[in-house]
Amino acid sequence: MELRVRALETVLGEKGYIDPAALDVLIDTYQTKVGPRNGARVVARAWVDPAYKAWLLRDATAAIAALGYQGRQGEHMVVLENTPAQHHMVVCTLCSCYPWPVLGLPPVWYKSAPYRSRVVRDPHGVLAEFGVTLPAGTAIRVWDSTSEVRYLVLPMRPDGTEALDEAALAALVTRDSMIGTGLALAPRVPVASSPR
Ligand SMILES: [Co+2]
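None of these values were measured; they are calculated from a predicted model. Along each chain, the written sequence defines residue order, and numbers are assigned to residues from 1. Whole-chain, interface and lining totals are the exception, using all residues; otherwise, since this is a predicted model, local features are given only for residues with pLDDT of at least 70 and side-chain atom pairs are given and counted only at 80 or more. Water and hydrogen atoms were dropped before computing side-chain values, which therefore reflect all heavy atoms in the structure.

**Re the overall build of the chain**
Threshold: Think of it this way: any DSSP run of H or I at least four residues long counts as a helix, any run of E at least two long counts as a strand, and we number them from the N terminus. Burial classes follow relative accessibility: with a 1.4 Å probe on protein chains only, a residue under 20% of its type's maximum area counts as buried, one over 50% as exposed, and anything between as partly exposed. Note on contacts: a residue pair is in contact if any heavy atoms of the two residues lie within 4.5 Å. For the purpose of charge, His is not counted, nor are the chain termini; Lys and Arg are scored as positive and Asp and Glu as negative. Charged side chains are reduced to one point each, which is NZ for Lys, CZ for Arg, CG for Asp and CD for Glu.
For the chain, the count of helices and strands is ten helices and four strands. Dimensions of the chain, computed from the C-alpha atoms along their principal axes, are close to 70 × 45 × 35 Å. Across the 196 residues in the chain, those meeting the buried criterion constitute 37%. Sequence-distant contacts in the chain: of pairs separated by 6 or more residues, those separated by 24 or more amount to 68%. Side chains of the chain carry 20 positive and 19 negative charges; the gap between the two charge centres is 3 Å.

Next up, the structure:
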């Protein structure tokens, strides 16, 4: 595959259809600038700022763009808020539609046929395979991405994070927690505080 891509790139370059410098910029963008850290910053902001969260749930595309994240595959964003009663999971049953500006490129399993077919039929089972068990009263809703609408899950803020600032909160937000196949991480608490 790598050789075929290289051959194709060479041919397209020689014919003048692509600019190798532009290609380098694109590759660098997706390797270093676009990724799940962007989405994590969006989630952390929503956790600390109720007005931002309301905006995010009302008009995700604009609220996310306000933090500087926009572009291809993120033109029409919808944010789904997880609550104790409702857990959201995202899939693209047709192919691999995914919100690039906030999550980067999709993981291999997201594109795999087993995930795409099974998460619809058995979301609890798929979630268990990711090591996540939800409380009995939590319903799961699965959202199918389309070529137009891309979803970002707003995971629940973990308990014991009241003292954390936005950057520390963002570090708890995993890629999977924003797809719905994971939860935000619990904060690392000090083992014991020293006597005063
Ligand atoms: Co797709």
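**Digging into the pattern of salt bridges**
The test is simple: Any Lys or Arg side-chain nitrogen located within 4 Å of an Asp or Glu carboxyl oxygen qualifies as a salt bridge.
What the rule picks out here adds up to six salt bridges. Notably, a salt bridge pairs R118 with D122, separated by 4.0 Å at the nearest N-O pair. Using a relative accessible area of 25% as the deciding quantity, one classes R118 as partly exposed. With its nearest N and O atoms 3.1 Å apart, the salt bridge here joins D176 to R175. Look at the salt bridges and you will find they share partners, linking R118, D122 and E129 into a network.

**Focus: the packing of aromatic side chains**
Cut-off, in case you're wondering: Two rings belonging to Phe, Tyr or Trp (six-membered ring only in the last case) form a pair when the distance between their centres is within 6.5 Å. Interplanar angles under 30 degrees mark stacking, angles over 60 mark edge-to-face geometry, and anything in between is tilted.
Tallied over the entire structure, the rule returns eight aromatic pairs. With a centroid separation of 6.2 Å and 65° between ring planes, the pair formed by W109 and Y110 is classed as edge-to-face. Since its relative accessible area comes to 21%, W109 is described here as partly exposed. Clustering of aromatic rings is evident, with ring pairs tying together Y98, W109, Y110, Y115 and F130.

**Details of the coordination of the cobalt ion**
Convention followed: Excluding water, the donors of a metal are its N, O and S neighbours within 2.8 Å, or within 3.2 Å for Na, K and Ca, and that exclusion means sites may look incomplete. Four donors are marked tetrahedral only if all angles between them lie between 85 and 135 degrees, whereas four are marked square planar and six octahedral if opposite donors are more than 155 degrees apart and the other angles lie between 65 and 115; the remainder are marked irregular.
The protein atoms that coordinate the cobalt ion are C92 (SG), C95 (SG), C97 (N) and C97 (SG), at distances of 2.1 to 2.6 Å. One can describe the donor arrangement at the cobalt ion as irregular, given that its four donor atoms subtend angles of 80 to 130° at the metal. Since its relative accessible area comes to 1%, C92 is described here as buried.

**Quick notes on unusual backbone geometry**
The residue Q73 is not glycine, and still its phi comes out positive at about 70°. Relative to the helices and strands, Q73 resides in the loop between α5 (60-65) and β1 (77-81). Q73 sits in the buried class, given a relative accessible area of 18%.

**A word on the side chain of H88**
Threshold: Definition of a polar contact: a pair of N or O atoms within 3.5 Å, with one able to donate and the other able to accept a hydrogen when the atoms are protein atoms, and with sequence-neighbouring residues admitted only if both atoms are side-chain atoms.
Within the element layout of this structure, H88 appears in strand β2 (residues 86-91). Within polar-contact distance, the side chain of H88 engages the backbone oxygen of E81 at 3.3 Å. Apart from the residues lying within four places of it in its own chain, the contact partners of H88 are L80, E81, N82, R141, W143, V153, I179 and G180.

**Structural notes on the pairing of strand β4 (residues 150-154)**
Defined as follows: Strand pairing is assigned whenever DSSP detects at least two bridges linking the two strands.
β4 sits mainly inside the fold: five of its five residues count as buried. With burial as the criterion, each face of β4 is covered, one bearing R150, L152 and L154 and the other bearing Y151 and V153. Of the pairings in the sheet, the one linking β1 to β4 comprises five bridges and is parallel in character. Bridge pairing in β4 links L80 to V153.

**Examining the domain arrangement of the chain**
We count it as follows: Throughout, the edges of the domains are those of an automatic or database domain assignment.
Looking at the assigned domains, one finds that the chain contains domain 1 (2-31) and domain 2 (35-178). Here domain 1 and domain 2 have C-alpha centroids that lie 31 Å from each other.

**Concerning the environment of E75**
Note on placement: E75 falls in the loop between α5 and β1. Along the chain, E75 and G39 lie 36 residues apart, while their C-alpha atoms are 15 Å from each other. One polar contact links the side chain of E75 to the main-chain amide nitrogen of Q73, over a distance of 2.9 Å.

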